[in-house]
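Each chain is listed here by its residues.
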Protein chains: 2
Amino acid sequence: MNSITLIGTGNMARAIGTLAVAGGYTVEVMGRDQAKVDDLVKALGGGTTTGKWGAVPNGDIVITALLYNGVVPVVAEYGDALAGKVVVDISNPFNATFDGLAHSEETSIAQEVAKVAPASANVVKVFNTIFRGVLEKGRPTAFIAGDDAQAKVDVATFVESLGLRPLDVGGLKMAHWLEGLGVVTVGLANNGVGHWDFALGVDEFTG
Amino acid sequence: MNSITLIGTGNMARAIGTLAVAGGYTVEVMGRDQAKVDDLVKALGGGTTTGKWGAVPNGDIVITALLYNGVVPVVAEYGDALAGKVVVDISNPFNATFDGLAHSEETSIAQEVAKVAPASANVVKVFNTIFRGVLEKGRPTAFIAGDDAQAKVDVATFVESLGLRPLDVGGLKMAHWLEGLGVVTVGLANNGVGHWDFALGVDEFTG
C-alpha cells in the first residue's frame, strides 16, 4: 500500500502527487492527453511513472483527480481494470451558483462511482473539502467517508503520510454530506472567512 | 438588540440562556409548561423574565430552542407575534439513523420556518453544529446562514458576545448544508473523533 495512481493531470493531481512523492509513495499518472501526463510525471519526479489510459493501475490506491462530471464515466470506462483497488473520489459536484450540488438527489459522486465500479473495488471519498491552495501550503483535516473499513485505513494512512489529519466520518452515504461540506467551504470563502486559505477542521474541547 | 427570547425550556435553551445572561443580554423564556419555564427562569437568574406562550416576545432575537419537528408548528402558531423579529432556528432534523436528514428534499427547518413566519421576520440558522456539552465548556465556531444581512449581523454580535466565533456561510438556502454539518458532526463523534467534546471549525493557513 505504498503506491498510488492518479487518473487525471490537473491541479489537484499535481498537488496530491507532489505530497505523495514527498511522503515516500510511488506515483503513477494516467491521462488521456499524453503531453500533459509527461509534463506531470516530469514535474513530480521521484520515480513517478506513466500508466496507459484504461489499463490496470499500478497503484493500490487510485485517485480520480478529474472534474466531477468526468469521474463516473471514467470509472465505468476503466471497469474491471479497477478490480480490487481502493478508488478515491475527490470531486465537488457544485451547482452553477456554488450554493448547492449538481445532483438534486441525496447521493454523491462517490456513491455513483460505487455503482459503476467493480464489486471488488472499494470507494472512498476524501480531499473534496480542501482547496488546492491549502493542500499546497497547509496540513488541513481530511474528512473520509467509505463503507470498507480496511480501505478507509489505507486512505487514512496515505493521507497521514502527506501530513494531513485524516478523520473518518462514517459510511459512503456520508459522502453526500462531505460534498455539502464542500459547498459550505465555498460559502465561507465568499462570506464569513473572506479568503481561500483555510479548511474546515475540528476544534476539540476536552479540557 | 440586547435582549433575546427563548422559546423552549430544554437543555439547549438552558445552555444558550446561561451564556446570554453572562454576556449581558436580557433573557425572556417562553414555554408551554409553566413549571419548566419557572425552573429555567430561576436557574438563569440575572433578571430573566417569563413570557406568555404565543404572545409578542420581548427579545429582538427569538430563539426557537425546540426539537426540530416542533419548530415550524410553533412559529406558525406564534404567527404575527413574530413580526419584525429575528427568528433563530438551532435545530437538527436528523433521520432515525443519524446519517441524514429527516426531510429528503433539499430544504431545512430554517427555510421551512421562513415560509410560515411573518414577512417582516428574518430567519437565521445558527448553533446547530454545536453539541450542548461543547457550548457549556468551550467557545466553538458558530456557522450562520440567513438572507437578511442586518439580521445576520445581529445574530453574529449576539453569538460573539457569548464568546463564540460567528462565521457567515451565506444565504438561508445554506441552512440545508449547515444541517448537513450537523450530520457530519455526529458522524465524526461516532467514528474518527470518537467523543463529543468537539465542534467543526475553520483552520486558517494564511502564512
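Parameters at a glance
- Residues numbered from 1 in each chain as written.
- Chains lettered and ligands numbered in written order.
- Predicted model: local features only at pLDDT ≥ 70, side-chain atom pairs only at ≥ 80, totals over all residues.
- Heavy atoms only, no water.
- Least-squares fit on C-alpha atoms with pLDDT ≥ 70 in both.
- Contact = heavy atoms within 4.5 Å.
- Buried < 20%, exposed > 50% of the residue type's maximum accessible area, 1.4 Å probe, protein only.
- Helix = DSSP H or I, 4+ residues; strand = E, 2+ residues; numbered from the N terminus.
- Pairing = 2+ DSSP bridges.
- Right-handed = clockwise from strand over helix to strand, strands pointing away.
- Axes fitted to C-alpha atoms, helices over the stretch in contact; angles between N-to-C directions.

Moving on to the relation of the copies chain B and chain A. Once chain B is rotated about the relating axis by 180 degrees and shifted along it by 0.0 Å, it coincides with chain A to within an RMSD of 0.0 Å. Taken together, the turn and the small shift mark the pair as related by a two-fold rotation axis. Minimal C-alpha separation from the rotation axis in chain B is found for B:Gly201, amounting to 2.6 Å. Comparing contact sets, 100% of the residues at the interface of chain B also lie at the interface in chain A, consistent with an isologous, same-surface contact.

What follows covers the pairing of strand 2 (residues 26–30) of chain A. Residue and element names in this part refer to chain A. Strand 2 sits mainly inside the fold: 4 of its 5 residues count as buried. Both strand 1 (residues 3–7) and strand 2 contribute to a ladder of 5 bridges, which runs parallel. Following the sheet pairing, Ser3 is matched in strand 2 by Thr26. With helix 1 (residues 11–22) bridging strand 1 and the parallel strand 2, this β-α-β connection has right-handed handedness. Judged from the 2 bridges that link them, strand 2 and strand 3 (residues 49–50) form a sheet pairing that is parallel. Within strand 3, the position partnered with Val29 by the bridge is Thr50. Since strand 2 and strand 3 lie parallel, the crossover through helix 2 (residues 34–44) that links them has a hand, and here it is right-handed.

What follows is about helix 4 (residues 109–116) of chain A. Among all positions of helix 4 of chain A, only A:Ile109, A:Ala110, A:Gln111 and A:Val113 are buried. Among the structural elements, helix 3 (68–78), strand 5 (86–89), strand 6 (122–125) and helix 7 (175–190) of chain A are those in contact with the buried residues of helix 4 of chain A.

Our focus in this paragraph is the sheet that holds strand 4 (residues 61–64) of chain B. Residues and elements named next belong to chain B. Read across the open sheet, the 8 strands follow the order 3-2-1-4-5-6-7-8; overall the sheet is mixed. The sheet is open, and its two borders are formed by strand 3 (49–50) and strand 8 (165–170), each paired with just one other strand. Both strand 1 (residues 3–7) and strand 4 contribute to a ladder of 4 bridges, which runs parallel. The residue bridging Ile4 from the neighbouring strand is Ile61, located in strand 4. Packing against the sheet, helix 7 (residues 175–190) makes contact with strand 5 (86–89), strand 6 (122–125), strand 7 (141–146) and strand 8, and its axis sits at approximately 150 degrees to strand 7.

We now examine the side chain of B:Thr141. Relative to the helices and strands, B:Thr141 is located in strand 7. Here B:Thr141 falls in the buried class, since its relative accessible area comes to 3%. Each residue touching B:Thr141, except ones within four places of it in the same chain, is listed here: A:Asp203, B:Thr129, B:Ile130, B:Arg165, B:Leu167, B:Leu200, B:Gly201 and B:Val202.

The next point concerns unusual backbone geometry. Look at A:Phe127: it is not a glycine, yet its phi comes out positive at around 80 degrees. Its place among the elements puts A:Phe127 in the loop between strand 6 and helix 5 (132–137). Residue B:Phe98 is not a glycine yet carries a positive backbone phi of 60 degrees. As for its placement among the helices and strands, B:Phe98 is situated in the loop between strand 5 and helix 4 (109–116). Residue B:Phe98 is classed as partly exposed on the basis of its relative accessible area of 44%.

All quantities given are derived from atomic positions and should not be read as evidence of function.
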